[in-house]
Amino acid sequence: MSRISAFLAMSVNFPYHLGMTPETDPQLDALWMPFTANRQFKQAPRLLARARGMEYFTPEGRRVLDGAAGLWCVNAGHGRAEITAAVTRQLETMDYAPPFQMGHGPGFELAAEVAALCPPGLNRVFFTNSGSEAVDTALKIALAYHRIKGDASRTRLIGRERAYHGVGFGGISVGGIVANRKVWAGSMLPGVDHLRHTHDLSRNAFSRGQPVHGAELADDLERLVALHDASTIAAVIVEPVAGSTGVLLPPKGYLERLRAICDRHGILLIFDEVITGFGRTGAPFAAQEFGVTPDLITMAKGLTNGCVPMGAVAVKQSIHDAFMQGPPGAIELFHGYTYSAHPLACAAGLATLDIYRREGLLTRAKELSGVWEDAVHSLRGRPHVIDARNYGLIASIELEPIPGKPGARAFEVFLECFERGLLIRTTGDIIALSPPLIIEPAHIDEIFGTLASVL
Ligand code: PLP
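Looking at this model, I keep getting lost on the overall build of the protein chain. Mind explaining?
In terms of helices and strands, the protein chain carries 17 helices and 15 strands. At 22 Å, the protein chain has a C-alpha radius of gyration in line with the 23 Å of a compact globule built from 455 residues. For the protein chain, the residues scored as buried account for 46% of the 455 residues in total. Put simply, 72% of the contacts in the protein chain that link residues at least 6 apart link residues at least 24 apart.

In structure tokens form, the structure reads like this:
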């Protein structure tokens, strides 16, 4: 047993749940954890050791129901033997292949399968290793596209307040999360502007499905066109459902209006579907669910069921084809990653899509959405609940913040849920739920029963 495994095995016997906090153990020092309160965590670690189906298990064997599909990614549930077998087979056959000027079967196969799931016309696929890289890739393609078309003045990118598009410089620039932007304020991409966000509790609290009010917020794009002129704007990027800032749903008619304004002004529309892709809303992509086709779609997470890191950008053929010119032998898009279309990720992706297809998981959220919606709204009236909202197999419970301590109330709920065997996500004072799509009604009862008792 390694020293760290020995420490972790020992640490599970420590009564952290009683509020006792040991000195931070030096065995934990080396790992600088992402988006984590490192010092707090290391005084009272929350550890996961195994996962199967809808469940995680802690090192001491305590069961924790997964209400978050890991981090919005394990859509087919944990420990899928088909994916393990496919990745193992691929590792034994060919561990790695260079993606520049070389190709391999699984890469082409997965691209074709992803294209087949996308809305009509988005049939060219570029692979990355994460959602952040997919976003930066999409933004670069949009800028390069206009240049190739002779529209080089279109350099401006438009994002939206309260958007999350990952952590690359492109993503944080078009993103709209203050904590994510303030530290690097002087290093953002130039020429970026933002639409207003669509979250409006005064008019839309306790909406079931898409909120009724707010389509007119799309007209903010007309305001930015009037300010900057369309000839300077390359693309608009939005999450159809904003996830990381607490499940902000698109008001009815909003995405349609955004599409129409983009069309009117020759602006590309990018949907960031890193969390909404692969069945989360009840269709393969939110684009299909909401009936609005963007020009590019970014995706990651559910693409490989979270097993091997991978992201992708699906692009309209007309955009791709605009690049396919110039002297023979010229590289059309000077962009790519050492691990683009990594063979293991492709094997995991192919096995994952096969499971989604066989088990009907890409539309299962629609079948369960009625039961899910009723369960979500059963929390209305519980202490501190100021909103509950839902779509497909996504939900959010917004809590009244403790005065002067933003985020503290939801984090307390997160800790207590973990103690009682339920993994949720929180962002600020908002609880977000996004379980694996294999969820059964009994799990739904358990999730909301636990939440109700904790609240
Ligand atoms: N875009 C959206 C909409 C996301 O929700 C996320 C991550 O949650 C990202 C991009 C970044 O993805 P990654 O963490 O894989 O870089």
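On we go from here.
Can you walk me through the pairing of strand β3 (residues 63–66) in this structure?
A regular strand places its side chains on the two faces of the sheet in alternate fashion. With three bridges connecting them, strand β2 (residues 55–57) and β3 associate as antiparallel partners. Paired with phenylalanine 57 across the bridge in β3 is arginine 63. In textbook terms, the turn of a hairpin is the stretch between consecutive antiparallel strands, and for β2 and β3 this stretch comprises five residues, one of which, glycine 61, has a positive phi near 95°.

Is there a simple way to think about helix α17 (residues 441–454) in this case?
Because each turn of an α-helix spans 3.6 residues, side chains separated by three or four positions end up pointing in the same direction. Between its terminal C-alpha atoms α17 stretches 20 Å, which fits the 20 Å expected from 14 residues at 1.5 Å a residue. Every buried residue of α17 is listed here: Ile444, Ile447, Phe448 and Leu451. Projected down its long axis, α17 carries its buried residues within an arc of 80°, all on one side. Exposed positions of α17 whose direction lies more than 90 degrees from the buried face are Ala442 and Ser453. Among the structural elements, β3, α15 (361–377), α16 (408–419), β13 (422–423) and β15 (430–433) are those in contact with the buried residues of α17.

Whenever I open this one, unusual backbone geometry confuses me. Can you help?
Trans is the common state for peptide bonds, and a negative phi is the common state for residues other than glycine. For arginine 162, which is not glycine, the phi torsion reads 60° and is therefore positive. Within the secondary structure, arginine 162 sits in the loop between β5 (156–160) and α7 (169–174). In this structure arginine 162 comes out as buried when scored by C-beta crowding, with 20 C-beta atoms within 10 Å. Look at lysine 301: it is not a glycine, yet its phi comes out positive at around 35°. In this structure, lysine 301 sits in the loop between β9 (296–299) and β10 (311–316).

Would you mind going over the packing of helix α5 (residues 105–117) against helix α14 (residues 343–359) with me for this structure?
How two helices sit against one another is set out by the angle between their axes and by the gap between those axes. Interaxial distance between α5 and α14 falls to 9 Å at its minimum, and their mutual angle equals 40°. Overall, the two elements α5 and α14 adopt an arrangement that is oblique. Here α5 runs over α14; the crossing is left-handed. Of the residues in α14, those touching α5 at Pro106, Gly107, Glu109, Leu110 and Glu113 are Pro343, Cys346, Ala347, Gly349, Leu350 and Leu353. Across the contact of α5 with α14, the residue classes break down as seven nonpolar, two polar and two charged.

Whenever I open this one, the site of the ligand confuses me. Can you help?
For the ligand, the set of nearby residues contains 14 residues, the closest of which are Ser130, Gly131, Ser132, Gly166 and Val274. Here the element with the most residues in the shell around the ligand is helix α6 (residues 131–148); it accounts for three residues. Residues belonging to the shell around the ligand are distributed by class as follows: five nonpolar, seven polar and two charged.

Can you help me understand the domain arrangement of the protein chain in this one?
A common way to state how big an interface is: give the accessible area lost once the parts meet. What the domain assignment lists for the protein chain is domain 1 (46–75 + 362–454) and domain 2 (83–359). Relative placement of domain 1 and domain 2: their C-alpha centres are 26 Å apart. Contact residues are listed per partner, giving 32 residues for domain 1 and 27 residues for domain 2. Contributions of two or more residues to the side of domain 1 that touches domain 2 are made by α3 (69–72), α15, β11 (385–391), β12 (394–399) and β15. With eight residues, α15 is the single largest residue contributor to the side of domain 1 that touches domain 2. Residue composition of the side of domain 1 that touches domain 2, grouped by class: 14 nonpolar, 11 polar and seven charged.

Sorry if this is basic, but what is going on with the sheet that holds strand β1 (residues 50–52) here?
Either a parallel or an antiparallel arrangement is found when strands of a sheet pair, and the pairing is made through backbone hydrogen bonds. Strand order in the open sheet made by the four strands is β1-β2-β3-β13, with mixed pairing throughout. Edge positions in the sheet fall to β1 and β13, since each has one partner strand and no second.

I would appreciate a short explanation of helix α11 (residues 254–265) in the present structure.
Counted at 1.5 Å a residue, the expected span for α11 with its 12 residues is 16 Å, and the 17 Å between its end C-alpha atoms agrees. Along α11, the residues that are buried comprise Tyr254, Leu255, Leu258, Arg259, Ile261 and Cys262. What you see down the axis of α11 is that its buried residues fit within an arc of 165°, all on one side. The exposed set on the far side of α11, more than 90 degrees from its buried face, consists of Asp263 and Arg264. Summarising the contacts, the buried residues of α11 are in contact with α10 (220–228), β7 (233–238), β8 (268–272) and α12 (286–290). Positive phi appears at glycine 266, one or two residues downstream of α11, with a value of about 70°.

Cut-off values and rules
- Residues numbered from 1 in each chain as written.
- Predicted model: local features only at pLDDT ≥ 70, side-chain atom pairs only at ≥ 80, totals over all residues.
- Helix = DSSP H or I, 4+ residues; strand = E, 2+ residues; numbered from the N terminus.
- Rg over C-alpha atoms; globule rule 2.2 N^0.38 Å.
- Buried ≥ 20, exposed ≤ 12 C-beta atoms within 10 Å, placed from the backbone.
- Contact = placed C-beta atoms within 7 Å.
- Pairing = 2+ DSSP bridges.
- Expected span 1.5 Å × (residues − 1).
- Arc of directions from axis to C-beta.
- Axes fitted to C-alpha atoms, helices over the stretch in contact; angles between N-to-C directions.
- Parallel < 35°, antiparallel > 145°, perpendicular 65-115°, else oblique.
- Left-handed = near helix turned anticlockwise from the far one by under 90°.
- Nonpolar A, V, L, I, M, F, W, Y, C, P; charged D, E, K, R; others polar.
- Near = placed C-beta within 6 Å.
- Domains from an automatic or database assignment.

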